[in-house]
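# Fold and contact review
Now for the letters of each chain:
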Amino acid sequence: MTLRRWLQSSAVALLAATGLSALALPSAADAADHTGGTLRLTSSSAAGTIDPQVNYTAQDWQIFYITNDGLVEFKKDEGPGSNDVVPDLATSIPKPQDGGKTYVFTLRKGIKFSTGAEVTPDDVVASFQRLFKVSNPNAGSWYNVIVGADACIKTPATCTLAGGVVADDKANTITFHLTQPDSEFFYKLATPFGSILPANTPPKDLGTTPAAATGPYMITSNDPQKAMILKRNPYFKEWSAAAQPAGYVDEIDYTFGTKPEDEITAIENGQQDWMFDTPPADRLPEMSRKFPKQIHINPLFAIFYAPMNVNIAPFNNKDARLAVNYAFNRRSAVDIYGGPRLAVPNCQILPPGFPGYKPYCPYTKNPGTKWSAPDMAKAKSLMAASGQAGQKVTVISDDQNTDPQISTYLVSVLNQLGFKATLKVISANIQFTYIQNTKNNVQISLSQWYQDYPAASDFINVLLGCGSFHPGSDASINISGFCDKTIDAAIQKNLVTAVTDPKAANAEWAKLDHELTDQAPWVTMFTPKQLDFVSKRLGNFSYSDQFKVIFSQVWVQ
Amino acid sequence: MSDSVIDTPTPADLSGGGMGEPGEAMAAARTRATEGPWRAGLRKLMRDRTAMGAVVVLILIILACVAAPWYAQHVSQSDPFQSNLDGQITIGKNTLDIMQADTGGLGLGVTPIGPTWRGQYFLGADDQGRDVMARMLYGGRNSLIISFASTVICLVLAALVGTVAGFLGGWVDTILARLLDVLWAFPIYLLAISLSIVLISKGLQIGPINIPSNSLLIPIAIIGVVYVPYVARPIRGQVLSLARSDFVLAARCLGVPSSRILFRDILPNVTTTIIVFAPLMMALNMLTESALSFLSIGVQPPSASWGTIIQDGEDLLYTQPMVAIAPGLAIIVTVLALNFLGDGVRDAFDPRAKLRVGKG
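Residues numbered from 1 in each chain as written. Chains lettered and ligands numbered in written order. Predicted model: local features only at pLDDT ≥ 70, side-chain atom pairs only at ≥ 80, totals over all residues.

The next subject is helix α9 (residues 217-226) of chain B. Residues and elements named next belong to chain B. Most of α9 sits inside the fold, with 7 of its 10 residues counted as buried. Among all positions of α9, only I218, P219, I220, I222, I223, G224 and V226 are buried. Check the buried side of α9 and you find it contacts α6 (132-168), α8 (188-202), β5 (204-206), β6 (209-211) and α12 (258-294). (Buried ≥ 20, exposed ≤ 12 C-beta atoms within 10 Å, placed from the backbone. Helix = DSSP H or I, 4+ residues; strand = E, 2+ residues; numbered from the N terminus. Contact = placed C-beta atoms within 7 Å.)

Set out below in structure tokens:
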């Protein structure tokens, strides 16, 4: 390292140590200087309905986090702090009562919807009833712990959650009664599904019609073929900078229908400020060399994995599954994705840095905590023992980003092992539901999972719990159909432990993570990183583990 | 006999036309007058330098594609259907990674090695680290097989439908002609794409025969069928005209059976049209196959065709454009050669054809 470089890096380190928080939170004068302008976002496509209680996409959740609020919210902060839950429409985080089965929230006064109406306890009750009426994707798995939820799941149209969510207008409180303690209840309330909407919001999917907002921005128009426009909510007054800070830009224009290649060119030319899509690998060297200051790389709690159907041949044979795991070169998959700066090889269920994560990799040349190289000799001996050589295997991939290339590599590995593998690429619009439905007899596929909230169960229970396996349904997120009664009992027990002893629960999650990894229901490939490519004029780039870029906190002038 | 293929010598031919002595001219004319139309056509074709050049190019391409396994084993020394992402090659004294991590700027991206202009990785690697040249040769085999087989299917079906409709006439002609109209009313690519999507997702089951979704037979059948009206309509028109011609009428008056008229008088006259169509259809089918494969609904991986290799190269246009350019050039050269050959065949076998492409 040259002296000049050393001085530069030391200066950066010093700045980081002393002034990072000052950079993250600009002074009032700075803030005033940067207020105004239009933030221009772009994506190849819209993300479907814009009903915050129905839409389950990372793309629109980034928007809902600045348009809507729940009783609680993930802190709008950078780094690990962004995983903390803070009070939002509620005045404080309530203490658990009745052994963790009752929570009493007090609603802040004076907060208004973008319609001008004040937020009341009745709106809160109606919003949770509406979750069931609009068939929220997680109503049955996240909110089924609320008393009365069972009846709502059976007959959503008449859902009242009687005895489950109780409003007290006089005291301005809402009381939640749960059937059992739930350590992740606040997390579930903090996602956009927990958004509080006016009581008179139609009890059906709003589709392309915007819901009333409480946050600093509201969606004023939305055409999924063209653009979504957000403007300032005239009734918004900042009540908690941690939960919902005021925004800098006056308007956000989100255009749809541009190819990722063109999105990059538009950002390079200053015509757009940010793109949702992953930049094509082919453009990375150019971006990296010419526009390094406009690139932000941050960690993601996510995994790329190939779920193997443990209920049909050939992967109902554990040796065959193990063989694929030993043979798969995770470094090659990382290279296809964009190289070691953009992804980290991974062998286990949980992503690095996640609660409950303890590094573990048995599927490598020198088994231990880190993946180093494939062990082809072991893979071939396992393959011989499995007796599955010559079996026909179809890999199902979607057509987005680098997924077809990663799947092509997987096909190559399977053929090397002796399978007769072929690739089937289908539209990303249907691939995710197609691979979940057991009627399609999918043997192996490529999929990704991004955290909903920072709890190990969001990977372990959701993706490999018996309760997530629904044969014959498009909503069977346990894609490999793995259901081990002993492991599942341990998962359910640990969910209860987590209410009172999160530390002990995380230690148990680590153990379960390793046990599940040993069963090899998947080939875990790697954990990706988030690459944000922004325009030259975009300042105060703020990244949260939950929301990624916080659009309300960036400025363009 | 205006539509007969018999090429009667003209007075200009007999006068010599620059062939030297009158006696020699007379002898040549006599030879031409006694040789059959096929031989005369072939002789004309052999004298067409452009067409012969096209034949040479096509033969070279076919030979190169046939030699694909030999090239992969002995020259490129790699399996063009197996990913080689962590492989290395030695050029001179340097050992290079097939997939090269970018070291400039923030060090993002991994790029496949470019053309080495040597045996191994002559045209570079694709995004799976596979030798593009070896894949090109294998891909060419599939492109040529599909375009040839679909041309055969198309011409056989078109000849059958066109001849039956034109010769039988009446309600048979009405039904077949309307069917052709309906098929022709669909935009060709839209029809081909629709059929491909359906058949490639599920495969094709015809009675006890099951054709898997990744079989080459599927693009062959689709391309063969969608162009049937393109060839069948002119054949039907020609048969209609022949069926009303004097020599057919004379045959009918003499009590010659219909089947004999069809096989002895009609079909030989239609054959020239089919032969003229063959190279042109093969060129058209090759373009269609490439388009379908580029859209992922033609040849299915791990098989390759020039269209699928262009698709592979689409994601590398900025860093390794040769992956897309090379198969594109191969398609251009082959299609041009087929078109030149088609023009030559038409000039040789059907010199009075009303439909002329390109030449003034």
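Having put the structure on the table, let's press on.
Below, the discussion takes up the domain arrangement of chain A. All names here are of chain A. In terms of domain boundaries, chain A breaks down into domain 1 (59-205) and domain 2 (302-530). Between domain 1 and domain 2, the C-alpha centre-to-centre distance is 33 Å. Contacts between the two partners involve 9 residues from domain 1, matched on the other side by 10 residues from domain 2. Tallied by class, the residues present in the side of domain 1 that touches domain 2 amount to 3 nonpolar, 4 polar and 2 charged. (Domains from an automatic or database assignment. Nonpolar A, V, L, I, M, F, W, Y, C, P; charged D, E, K, R; others polar.)

Residues and elements named next belong to chain A. Strands sit in the order β4-β6-β5 across an open sheet of 3 strands; the sheet is antiparallel. The open sheet terminates on both sides in strands that have one partner only, identified here as β4 (102-106) and β5 (165-168). Strand after strand, the sheet turns through a mean of 20° between neighbouring axes, direction not considered. Strand direction decides the pairing type here: β4 and strand β6 (residues 173-177), joined by 5 bridges, are antiparallel. Note that in β6 the partner of Y103 across the bridge is F176. Across the sheet, helix α4 (residues 121-133) is in contact with β5 and β6; its angle to β5 comes to roughly 165°. (Pairing = 2+ DSSP bridges. Axes fitted to C-alpha atoms, helices over the stretch in contact; angles between N-to-C directions.)

Further remarks concern the environment of D88(A). All names here are of chain A. Residue placement: D88 occurs in the loop between β3 (85-87) and β4. As a C-alpha pair, D88 and F74 span 14 residues in sequence and 8.8 Å in three-dimensional space. Sequence-distant contacts of D88, that is, excluding residues within four places in its chain, are made with D69, G70, L71, V72, E73, S240, A243 and Q244.

A common way to report how large an interface is uses the accessible area buried once the components associate. On the chain B side, the residues contacting the 31 residues of chain A number 27 residues. The set of elements that each furnish at least two residues to the side of chain A that touches chain B consists of α8 (284-290), α10 (330-337), α12 (403-417) and β15 (420-426) of chain A. Counted by class, the side of chain A that touches chain B contains 13 nonpolar, 11 polar and 7 charged residues.

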